[in-house]
Amino acid sequence: MNMFWLLVLMVFCNGLFMRTSTTSVSTRPNVVNIGAIFSFNSSIGKVAKVAIETAIKDVNDNPAILKGTTLKIALQDSKLSSGFLGIVEALRFMENDTVAILGPQHSVMAHVISHISNELNVPLLSFAATDPTLNSLQFPYFVRTTQSDLFQMAAVAEIVAYYEWRDVIAIYIDDDHGRNGVAALGDKLAEKRCKISYKARMSPHLTQDDITNALVKVALMESQIIILHIYDTWGLKVLNVARNMGMLGSGYVWIATDWLYTILDTESSLSSPAAMDSIQGVLTLRMHTPNSELKSKFVSRWSNLTAGVGNTNNSPFRINTYGLYAYDSVLLLAHALDDFFKQGKNITFSNDLNLTEFRGGNFRFDAMSRFDGGAQLLENILQANMSGVTGSIKFTLDGDLIHPSYEIINVIGTGIRTIGYWSNSSGLSAVPPEKVNANPNGSSSNQPSLYGVIWPGQTTQKPRGWVFSSNGRQLRVGVPIRVNYREFVSRIEGSDAFNGYCIDVFTAALDLLPYPVPYKFIPFGDGHINPIGQDLLHKITTGDFDVVVGDIAITTNRTKIVDFTQPYIESGLVVVAPVSKLNSSAWAFLRPFTPLMWCVTGISFLLLGVVVWILERRTNEEFRGPPRKQFFTIIWFSFSTLFFAHRENIASILGRLVLVIWLFVVLILNSSYTASLTSILTVERLSSPVKGIESLIASSDPIGYQSGSYIDHYLSNELNILRSRLVPLNTPIEYEKALKDGPNKGGVAAVVDERAKMELFLSARCEFGIVGQEFTKMGWGFAFPRDSPLAIDMSTAILKLSENGGLQRIRNKWLTRSACSSEGAKQDVDRLQLKSFWGLFLLCGSAGFLALLLYLIKMVRQYTSHSNGSSKKSFISFVKEKESYDADKMQSEKSKSGAKRTRSDRVSNRIVHEDESLDGYNHGAYTVYEA
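Residues numbered from 1 in each chain as written. Predicted model: local features only at pLDDT ≥ 70, side-chain atom pairs only at ≥ 80, totals over all residues. Heavy atoms only, no water.

Right, let's talk about empty space enclosed by the protein for a bit. For the coordinates displayed, the defined rule picks out two cavities of 30 Å³ or more. For the largest cavity, the calculated volume is near 160 Å³. Surrounding the largest cavity, 18 residues form its lining, Arg 482, Pro 531, Gly 533, Asp 551 and Gly 708 being those nearest its centre. Along the lines of polarity and charge, the residues of the lining of the largest cavity split into seven nonpolar, six polar and five charged. If you add up the space inside the second largest cavity, you get close to 50 Å³. For the second largest cavity, the full set of lining residues is Thr 145, Tyr 325, Asp 328, Ser 329, Leu 332, Thr 390, Ser 392, Ile 393, Phe 395 and Leu 401. Among the secondary structure elements, those contributing two or more residues to the lining of the second largest cavity are helix H14 (321-342) and strand S14 (391-394). In terms of residue count, H14 provides more of the lining of the second largest cavity than any other element does, four residues in total. A class-by-class count of the residues in the lining of the second largest cavity yields five nonpolar, four polar and one charged. (1 Å grid on protein atoms, 1.4 Å probe; cavity = no way out; pocket = protein on both sides within 12 Å on 5 of 7 lines; lining within 4 Å. Points joined across faces, edges and corners; volume = space filled by probe spheres on them. Nonpolar A, V, L, I, M, F, W, Y, C, P; charged D, E, K, R; others polar. Helix = DSSP H or I, 4+ residues; strand = E, 2+ residues; numbered from the N terminus.)

As structure tokens, this is what we get:
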């Protein structure tokens with residue numbers, strides 16, 4: 001009995017030991033089964049088949065990788081099927097203890113098989129399924145060993161933005177691959193402010209008629225930028241039909257995703273001119289793989305690897321990038337398995353309890369086993385860091401290969417030309433991204449982003465990218481029916497035709513476009529009140545109008561919903577108020593200076609006289625004498641400098657310095673006074689109690705504005721004016737009445753409106769005027785839907801009109817008026833009248849009269865005193881004698897002054913002669929001078 005329990009214990013321990021050892025020490029199997037599923041006869045599949053078989057052989061021949069373990073691969077041909085048959089082929093792998101599957105080729109099949117991989121823990125390494133949504137958390141066992149279409153669409157979007165196109169058309173197959181790829185393209189275009197204007201989807205089972213019908217619709221669209229995201233089996237047929245329809249001619253742009261270059265890379269039969277004729281000028285992309293020694297060796301072996309291998313026509317085929325990624329997929333899996341074994345893991349399978357309920361039946365679901373080490377193998381794959389023929393093999397946290405990049409190819413003649421590269425790190429570049437990353441500050445920064453392109457139609461000029469729709473639809477032009485200012489927009493009675501300044505500018509700009517644009521005017525409004533501009537623009541957003549023409553101001557809020565052209569007229573907001581003319585007065589000559597200025601100027605004259613008198617009185621006889629004489633000398637000298645008429649000589653240096661500076665000041669004062677007085681007397685000036693928008697804001701008076709415009713919103717929201725103060729007005733007659741009545745009689749203190757309209761209003765109403773400055777800088781433009789390419793062309797046409805004088809001629813036709821000027825300071829030069837100068841004449845006459853009066857009083861007093869002491873004489877005789885006496889006295893004083901001056905000269909001469917005698921004595925000379 002004891003012996004029995006001893007045996008049981010030994011068996012248990014042996015089993016426990018064996019179980020423990022199997023988990024800690026890996027037993028490398030002799031063979032590891034993997035599977036591969038793709039279409040053998042496709043451009044990708046036939047290259048991938050050779051690449052995978054070569055990789056399997058290289059791995060098995062290299063003992064350093066799997067160290068004696070042999071990879072055994074089972075290849076399944078999906079026969080160009082991406083549906084049910086491919087799924088059935090995938091299920092067969094699961095019956096043979098497969099640890100991983102290479103493929104599938106198509107994204108549609110990858111979506112379904114990923115569910116099987118999730119259930120059975122079998123990693124799915126796809127070298128050709130590029131659908132961006134396969135990276136989602138829904139498919140953890142899906143590993144993409146090629147580039148995602150997310151990056152390819154980013155490259156396409158950057159090309160579109162680089163050439164400044166805005167709208168594109170996407171042609172695609174309506175399955176997971178096509179829909180998700182185009183969805184990614186739309187997201188990337190939106191980041192560049194571009195969009196897909198039309199999506200032409202095709203059935204996965206399309207026919208020649210389907211292609212023709214789809215392209216007919218595309219040809220009727222405005223955009224001529226076509227993105228072709230399709231399978232290689234149908235791509236060339238689509239391009240051939242497009243060429244026959246004239247859609248590969250001048251003006252079109254075709255950008256094919258990497259399916260086209262895959263065919264060009266693979267099929268040598270496309271090198272003929274006939275085959276290349278339908279793809280001339282097309283741009284296509286190719287996944288970029290940097291040059292390396294591994295890549296060169298593998299490519300050099302390709303001709304030997306494909307010797308005797310061909311497609312159904314036995315024509316040779318070349319390697320493409322998908323073949324390189326297929327080769328690297330095998331290497332990646334082999335290194336991951338090696339790490340798996342190094343980690344002590346064994347390849348074991350267990351029954352999936354979820355599939356036992358399907359036991360029995362022909363499908364044998366219960367025969368499929370779950371790979372126990374699938375999670376660890378998946379982790380090893382995603383953590384790989386190695387080099388292959390495609391370059392560095394390493395995955396990001398999102399499951400994408402690092403450093404995605406594409407070559408941008410232009411098909412020219414019978415060959416191709418690489419015009420640039422795109423990478424997610426450096427964007428567009430004319431040099432390979434590895435060179436840009438290696439030398440980010442090098443000379444490559446001076447190179448263009450892309451080289452020149454030969455577009456369809458054999459032209460090197462960048463296509464405009466769109467034409468006006470040729471489907472017979474006219475441009476729907478919304479026009480407001482105005483009840484005032486009909487010079488801008490006016491409906492011709494009895495018709496749908498319009499005329500006016502805005503209409504003429506619009507039609508003139510259309511005539512300058514390089515293509516015809518049929519259009520029709522659609523009236524908006526009831527004709528009784530002005531339509532609201534915001535409602536008119538809203539019709540664009542709802543698709544009722546293609547463009548709005550009229551007095552539409554460009555404002556910030558409006559640019560959020562529509563696109564405007566270049567402004568064709570400037571029309572900011574101004575304030576119009578009643579004005580009165582400032583008549584010239586008799587004392588106008590005092591207005592150039594303020595009272596303070598007059599006082600300071602007069603005091604300065606007096607101070608100058610005092611300063612000069614102090615500097616000159618000790619050395620200059622003209623500044624000496626009795627105090628009364630010196631006082632009048634100071635007064636006379638000071639004010640005579642005003643006219644540069646002073647007669648006194650200045651002897652001292654300091655006095656001269658002061659006088660020179662003062663004369664310069666007098667010169668400036670004279671010039672300024674003269675200029676200001678000229679302006680006062682010759683320019684008509686207007687006066688108004690309203691000085692501008694600032695005084696309106698500070699007051700509480702009512703303000704008028706044009707009803708239906710944006711002005712009430714601007715005044716209330718931007719300037720914080722109470723809405724209760726705002727009075728809507730409709731017609732110029734209402735403007736005039738409200739301004740004349742004024743705020744005291746139920747009118748308004750001022751009207752705020754756009755300058756262009758106010759100039760027309762003031763042209764026949766001289767009693768009003770613009771006061772203050774234009775307080776906004778706005779303009780009118782034509783409104784188009786957002787991102788409309790027609791708006792850009794119309795802006796260019798408006799600039800041409802401005803340059804060639806067309807805008808000014810149209811303005812002169814409609815807006816020029818000559819009755820009154822609209823400027824705030826109206827310049828009306830007239831002849832000068834007496835009323836402007838009678839004050840000066842009065843002042844001068846009064847001075848003369850006062851001088852005569854004082855002189856007469858003096859004479860009377862002298863005559864009276866003279867009559868008391870001498871004989872009686874007549875007053876006239878006395879005056880005459882007195883004048884003679886005064887003359888004699890003046891002559892006597894002059895003689896005395898001359899005698900004094902003679903004596904002074906003699907003294908000076910004596911001194912001079914004595915000095916000369918002394919000098920002559922010293923030199924032995926004798927000088928005789930006159931006594």
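A few words now on the sheet that holds strand S3 (residues 101-102). Within the open sheet, the five strands sit side by side as S2-S1-S3-S4-S5. Their pairing is parallel. Looking at strand neighbours, the two that pair on one side only are strand S2 (70-77) and strand S5 (142-144), the edges of this open sheet. Here strand S1 (residues 31-38) pairs with S3 via two bridges, running parallel. What sits directly across from Gly 35, in S3, is Ile 101. The sheet contacts of helix H5 (residues 107-120) involve S1, strand S4 (124-126) and S5, and relative to S4 the element is tilted by about 160°. (Pairing = 2+ DSSP bridges. Contact = heavy atoms within 4.5 Å. Axes fitted to C-alpha atoms, helices over the stretch in contact; angles between N-to-C directions.)

Summed over all chains, the structure comprises 29 aromatic pairs. The interplanar angle of 25° and the centroid separation of 5.9 Å between the aromatic rings of Phe 761 and Phe 768 together place this pair among those described as stacked. The exposure class assigned to Phe 768 is buried, which follows from its relative accessible area of 2%. Among the aromatic side chains, those forming a connected cluster through ring pairs are Phe 488, Phe 498, Tyr 501, Phe 506, Tyr 519, Phe 521, Tyr 568, Trp 780 and Phe 782. (Phe/Tyr/Trp six-rings, centres within 6.5 Å; stacked < 30°, edge-to-face > 60°. Buried < 20%, exposed > 50% of the residue type's maximum accessible area, 1.4 Å probe, protein only.)

This brings us to the sheet that holds strand S6 (residues 167-173). If you walk across this open sheet you meet the eight strands as S7-S6-S8-S9-S10-S15-S16-S17, and the pairing is mixed. Here the strands that pair on one side only, and so sit at the sheet edges, are strand S7 (195-202) and strand S17 (427-429). Along the sheet, successive strands turn relative to each other by an average axial angle of 25°, direction set aside. Pairing between S6 and S7: seven bridges, direction parallel.

The next point concerns the nonpolar core. Of all hydrophobic cores here, the largest spans 102 residues; its most connected members are Ile 52, Leu 71, Phe 127, Ile 255, Leu 337 and Ile 381. Among the elements that make up this core, the one with the highest residue count is H14 (14 residues). Not counting chain neighbours up to four residues away, the residues in contact with Ile 52 comprise Ala 36, Phe 38, Ile 73, Leu 102, Phe 127, Ala 326 and Val 330. Residues Phe 506, Tyr 714, Leu 762 and Ala 791 belong to the second largest nonpolar core, which totals 75 residues. (Core = buried A, V, L, I, M, F, W, Y, C linked by side-chain atoms within 4.5 Å.)

Another aspect to go through is the pairing of strand S28 (residues 703-706). Burial along S28 is two-sided: the residues Ile 703 and Tyr 705 and Gly 704 and Gln 706 are all buried. Relative to strand S29 (residues 726-729), S28 runs parallel, the two sharing four bridges. Within the sheet, the bridge partner assigned to Tyr 705 lies in S29 and is Pro 728. In this view, the connection linking S28 to its parallel neighbour S29 by way of helix H24 (residues 711-718) has right-handed handedness. Bridging between S28 and strand S30 (residues 750-754) involves three bridges; their strand directions are parallel. If you follow Ile 703 over to S30, its bridge partner there is Ala 750. (Right-handed = clockwise from strand over helix to strand, strands pointing away.)

A cluster of nonpolar side chains, namely Leu 654, Leu 657, Ile 661, Phe 664, Val 665, Leu 667 and Ile 668, defines an oily patch on the protein surface of about 670 Å² accessible area. Judged by relative accessible area, which is 51%, Leu 657 ranks as exposed. (Patch = residues over 30% accessible without salt bridge, like charges linked within 9 Å, V, L, I, M, F, W, Y side chains within 5 Å. Areas by Shrake-Rupley, 256 points an atom, 1.4 Å probe, with all protein chains shown as cover. Salt bridge = Lys/Arg side-chain N within 4 Å of Asp/Glu carboxyl O.)

Along the chain, Gly 281 falls in the loop between helix H11 (273-276) and strand S10 (283-287). On the basis of relative accessible area, Gly 281 is assigned to the buried category, the value being 3%. Counting along the chain gives 173 residues from Gly 281 to Ile 454, while the straight-line C-alpha distance between them is 5.6 Å. In contact with Gly 281, not counting residues within four places along its chain, are Asn 410, Val 411, Ile 454, Trp 455 and Pro 456.

Okay, the side chain of Thr 776 next. Considering the arrangement of structural elements, one finds Thr 776 in the loop between strand S31 (768-771) and strand S32 (779-780). Only 2.8 Å separates the side chain of Thr 776 from the backbone nitrogen of Leu 573, close enough to count as a polar contact. (Polar contact = N/O pair within 3.5 Å; in protein donor to acceptor, adjacent residues only side chain to side chain.)

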